[in-house]
Amino acid sequence: HERVIVIDTSQDRDTPRVLINPELVKLSEQMVDGEEGCLSVPQISDKVPRHAEVTVRALNRDGEVFEFDADGLLAVCVQHEMD
């Protein structure tokens, strides 16, 4: 099975990140609660606790392993999409 996530949190929405089979390899102890919704169910949203910072390992479009640290909106988006 392959899981493919494409996320673009750049200001101009012109820098998509492609994550193939992502995994969270490090999670901060600090949690943040934010109001989240989903495009698949647009009328429903709720507060969801998320790790404030995460380290993600995934494959890129060329099948190469890479890692990055994420916080803020990017960290929330990665966790949301992986759920």
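To be clear, the structure that these remarks concern was listed above.
Residues numbered from 1 in each chain as written. Predicted model: local features only at pLDDT ≥ 70, side-chain atom pairs only at ≥ 80, totals over all residues. Heavy atoms only, no water.

What follows covers the packing of aromatic side chains. Under the definition given, this model contains one aromatic pair. Here the aromatic rings of Phe66 and Phe68 are separated by 5.9 Å at their centres, their planes lie at 15 degrees, and the arrangement is stacked. Taking relative accessible area as the criterion, Phe66 reaches 26% and is therefore assigned partly exposed. When its relative accessible area of 10% is taken as the criterion, Phe68 is described as buried. The ring of Phe68 carries the charged tip of Arg17 above its face, separated from the ring centre by 4.5 Å. (Phe/Tyr/Trp six-rings, centres within 6.5 Å; stacked < 30°, edge-to-face > 60°. Buried < 20%, exposed > 50% of the residue type's maximum accessible area, 1.4 Å probe, protein only. Lys NZ or Arg CZ within 6 Å of the ring centre and 35° of its normal.)

Our next topic: the side chain of Asn60. Within the secondary structure layout, Asn60 lies in the loop between strand E5 (53-59) and strand E6 (65-71). For Asn60, the side chain forms a polar contact with the main-chain nitrogen of Asp62, separated by 2.8 Å. Excluding its chain neighbours within four sequence positions, the residues that come into contact with Asn60 are Val18, Ile20 and Phe66. (Helix = DSSP H or I, 4+ residues; strand = E, 2+ residues; numbered from the N terminus. Polar contact = N/O pair within 3.5 Å; in protein donor to acceptor, adjacent residues only side chain to side chain. Contact = heavy atoms within 4.5 Å.)

Now for the pattern of salt bridges. Applying the stated criterion across every chain yields a total of three salt bridges. Across the pair Arg50 and Glu36 runs a salt bridge whose closest N-O atoms are separated by 2.8 Å. Placement of the pair is Arg50 in strand E4 (residues 41-51) and Glu36 in strand E3 (residues 31-38), with a sequence separation of 14 residues. Residue classification places Glu36 among the buried positions, given a relative accessible area of 12%. Between Arg50 and Asp83 there is a salt bridge, with the nearest N and O atoms lying 2.4 Å from each other. Placement of Arg50 in strand E4 and of Asp83 in the segment after helix H1 (72-82) is noted, with a sequence separation of 33 residues between them. (Salt bridge = Lys/Arg side-chain N within 4 Å of Asp/Glu carboxyl O.)

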